[in-house]
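# Fold and contact review
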Amino acid sequence: DRERAVQPGSGDSASTGDSGSTGDGGSATAGAGLDQDTVDAGVEGALGIWNARKDIAEGNADIGTAGDLLTSIGTLVPLAVPPPPGLIMAGVLGIAGGILSSFKEPGPTNQDVM
C-alpha cells in the first residue's frame, strides 16, 4: 500500500510525507499547477487589459490598443481553457495582437528625447 503511485497535484501528502510546500519558498498552491511563470503571465495579462481599458475610457484607443488588448487576453486564455484549445486560442490571439500592434504609432526615438 505504501508503494502506490501518487499523482502529481492530487493533494495526497500523507503517503509521500510532503507537507505541501515546494521547498523553494513557494506556497502550497504550486502543487495545484500554479508556478511563478503562471502567476507572472496572469498578472501581465491583467495589467495589459487594465491599461487597454484605461486607454479606451480616455479616448486614446487606436489599432495598437486593440492589438495590445488581444495580446493580453491571449496570455490569460491558457489559464482558463485547458489544452489544446486554450493553447491554440492563445496562439491565434497572440499572432493577431502582434500584427495589430505593428500598426501602432512608434514612441519617441532617442534623438527626439535628447
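A few points on the structure.

## Regarding the pattern of salt bridges
A complete count under the given rule lists one salt bridge for this structure. Across the salt bridge formed by Asp68 and Lys104, the nearest N and O atoms sit 3.2 Å from each other. With Asp68 in helix H2 (residues 63–80) and Lys104 in the loop between helix H3 (85–101) and helix H4 (110–113), this residue pair connects regions lying 36 residues apart in the sequence. Asp68 gets classed as partly exposed once you look at its relative accessible area, which sits at 30%.

## Topic: the side chain of Ser72
Its place among the elements puts Ser72 in helix H2. Among the residues examined, Ser72 registers a relative accessible area of 10% and is labelled buried. When near neighbours in sequence (up to four residues on either side) are disregarded, Ser72 contacts Gly45, Gly48 and Ile49.

## A closer look at the packing of helix H1 (residues 36–58) against H2
At a minimum axis distance of 8 Å, the contact between H1 and H2 shows a crossing angle of 150°. The orientation of H1 relative to H2 falls into the category roughly antiparallel. Helix-helix and strand crossings are classified by hand; for H1 and H2 the assignment is left-handed. Between H1, through Thr38, Ala41, Gly42, Gly45, Ala46, Gly48, Ile49, Ala52, Asp55 and Ile56, and H2, the contact on the second element is made entirely by Thr65, Leu69, Ser72, Ile73, Thr75, Leu76 and Leu79. Grouping the constituent residues of the contact of H1 with H2 by class yields nine nonpolar, seven polar and one charged.

## Concerning the side chain of Ser101
Residue position: Ser101 is located in helix H3. Side-chain polar atoms of Ser101 contact the side chain of Asp68, separated by 3.1 Å. When near neighbours in sequence (up to four residues on either side) are disregarded, Ser101 contacts Gly64, Gly67 and Asp68.

## Quick word on the environment of Val81
You can see Val81 is positioned in the loop between H2 and H3. On the basis of relative accessibility, which here comes to 27%, the residue Val81 falls in the partly exposed class. When neighbours within four sequence positions are excluded, Val81 is seen to be in contact with Gly86 and Met89.

Criteria and thresholds
- Residues numbered from 1 in each chain as written.
- Predicted model: local features only at pLDDT ≥ 70, side-chain atom pairs only at ≥ 80, totals over all residues.
- Heavy atoms only, no water.
- Salt bridge = Lys/Arg side-chain N within 4 Å of Asp/Glu carboxyl O.
- Helix = DSSP H or I, 4+ residues; strand = E, 2+ residues; numbered from the N terminus.
- Buried < 20%, exposed > 50% of the residue type's maximum accessible area, 1.4 Å probe, protein only.
- Contact = heavy atoms within 4.5 Å.
- Axes fitted to C-alpha atoms, helices over the stretch in contact; angles between N-to-C directions.
- Parallel < 35°, antiparallel > 145°, perpendicular 65-115°, else oblique.
- Left-handed = near helix turned anticlockwise from the far one by under 90°.
- Nonpolar A, V, L, I, M, F, W, Y, C, P; charged D, E, K, R; others polar.
- Polar contact = N/O pair within 3.5 Å; in protein donor to acceptor, adjacent residues only side chain to side chain.

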